[in-house]
Amino acid sequence: MSNGTLTIDLDAIKLNWQALNKMSADTVETAAVVKANAYGLGDKKIATKLAAAGVRTFFVASAEEGQSIREVLGQGPKIFVFSGHMAGKSSILEQNNLIPLLNSPEQNIRHRETIPKHPFGLQLDTGMNRLGFERADFSEFIELYSEKKPELIISHLACADDKAHVQNASQLKAFLEMTSGLDCPLSLSATGGILLGEKYHFDLCRPGIGLYGGLPFREANSVVKLSLPVIQTRALAPEETVGYGATWIAHRPSLIATLSAGYADGLIRAMSGRAVVYAGGEPCPIAGRVSMDLLTVDVTHLTNIPDRMEILCDLQTIDQLSDEAGTIGYEILTSLGNRYQRDYTNF
Ligand SMILES: *Cc1c(COP(=O)(O)O)cnc(C)c1O
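Reading the values: the criteria
Residues numbered from 1 in each chain as written. Predicted model: local features only at pLDDT ≥ 70, side-chain atom pairs only at ≥ 80, totals over all residues. Heavy atoms only, no water. Near = heavy atom within 4 Å. Polar contact = N/O pair within 3.5 Å; in protein donor to acceptor, adjacent residues only side chain to side chain. Areas by Shrake-Rupley, 256 points an atom, 1.4 Å probe, with all protein chains shown as cover. Salt bridge = Lys/Arg side-chain N within 4 Å of Asp/Glu carboxyl O. Helix = DSSP H or I, 4+ residues; strand = E, 2+ residues; numbered from the N terminus. Buried < 20%, exposed > 50% of the residue type's maximum accessible area, 1.4 Å probe, protein only.

> Looking at this structure, I do not really get the site of the ligand. What am I missing?
What surrounds the ligand is a group of 13 residues, the closest being K35, Y39, T191, I209 and Y330. A distance of 3.4 Å separates a nitrogen atom of the ligand from a polar side-chain atom of H156. G208 places a main-chain nitrogen or oxygen 2.8 Å from an oxygen atom of the ligand. For the ligand, whose accessible area on its own is 390 Å², the fraction buried by protein is 91%.

The following block contains the structure:
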């Protein structure tokens, strides 16, 4: 079966980083979050491109992800690990010069016991209740280890995509209180926090989704295009049905195109009967259920059936497609499967 083609514009990622970098003062560093294989788009290629554009600090979720980009980055850039110092990870952290963001007293003890000289950062919980030191534990930590300076102290905003949300200000207040008097670089903002304004910027911002063209960064350049080959077209008489469950019924003589990609490629079943695919500029509704390897599309209104159709393009961004599927752009990107041919442009 011929595959879809996922085109990833590396220059667009670089332009997005430059645009986000401009939103904070020159004294604020803008890092890059490349966890989850750079949101599904290729960690090595994207880290290489961003380092060449001037990014000096990267963030990943796990030590293994850090190891993967260390291979292409060399020893220069800093790499922080959000999950911190997990059991069994001391040597991979040490050997790859990765800086764990310690999340708890337990992780702190592990760090002291295994690689005490190795640099570390800290993550504080300011209200998300997901990862990070809680207030009481952190006060204790500070008393115990005031002589050892963390490379960076971070916290993460739960509601930064909604400027009006009251939790933004309450987390900002908690972060200021917990870090007051500490002489150490601070970071609170991902993409959403950058857009909340300079009070949220501190010493370093760490955008992820904005780099890859997703909301809440509205002005982002789009980064991905996904085009799918048409395998076959089929004429239907009225009353004939399409696909599993026979959920789509022809109400007129119809033409259905079958495209080569399905939910195994990240085009989730929730798109069934809702999303559209584009033929040139012409929207064509998905007819019936998305299958594992195939999409069926109503092309009755087209005068010419193209060889390929686009499901991600300028007319349908990751956020528009995610709306149709009841999810978010982040999930669309990180679900894009391994069967596509990946073409990188503008190295
Ligand atoms: C994923 C993540 C980011 C990046 O967030 P975006 O919303 O993609 O910009 C930043 N910080 C932490 C702790 C994260 O988990």
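> Just checking my understanding: could you explain the pattern of salt bridges for this structure?
Oppositely charged side chains can form a pair if their charged atoms are brought close together. Tallied over the entire structure, the rule returns 13 salt bridges. Where D183 meets K149, a salt bridge forms, and the shortest distance between an N and an O atom there is 3.9 Å. Taken together, the positions of D183 in the loop between helix 8 (166-179) and strand 9 (186-187) and K149 in the loop between helix 7 (135-144) and strand 8 (153-154) put the pair 34 residues apart, joining distant regions of the chain. In this structure, D183 and K149 share a single accessibility class: exposed. When the shortest N-O distance is used, the salt bridge between K173 and E177 registers 3.1 Å. One end of the pair is K173 and the other is E177, both in helix 8 and four residues apart, which spans about a single turn. Given a relative accessible area of 36%, E177 falls into the partly exposed group. Because the salt bridges share partners, they merge into one network encompassing R135, K173 and E177.

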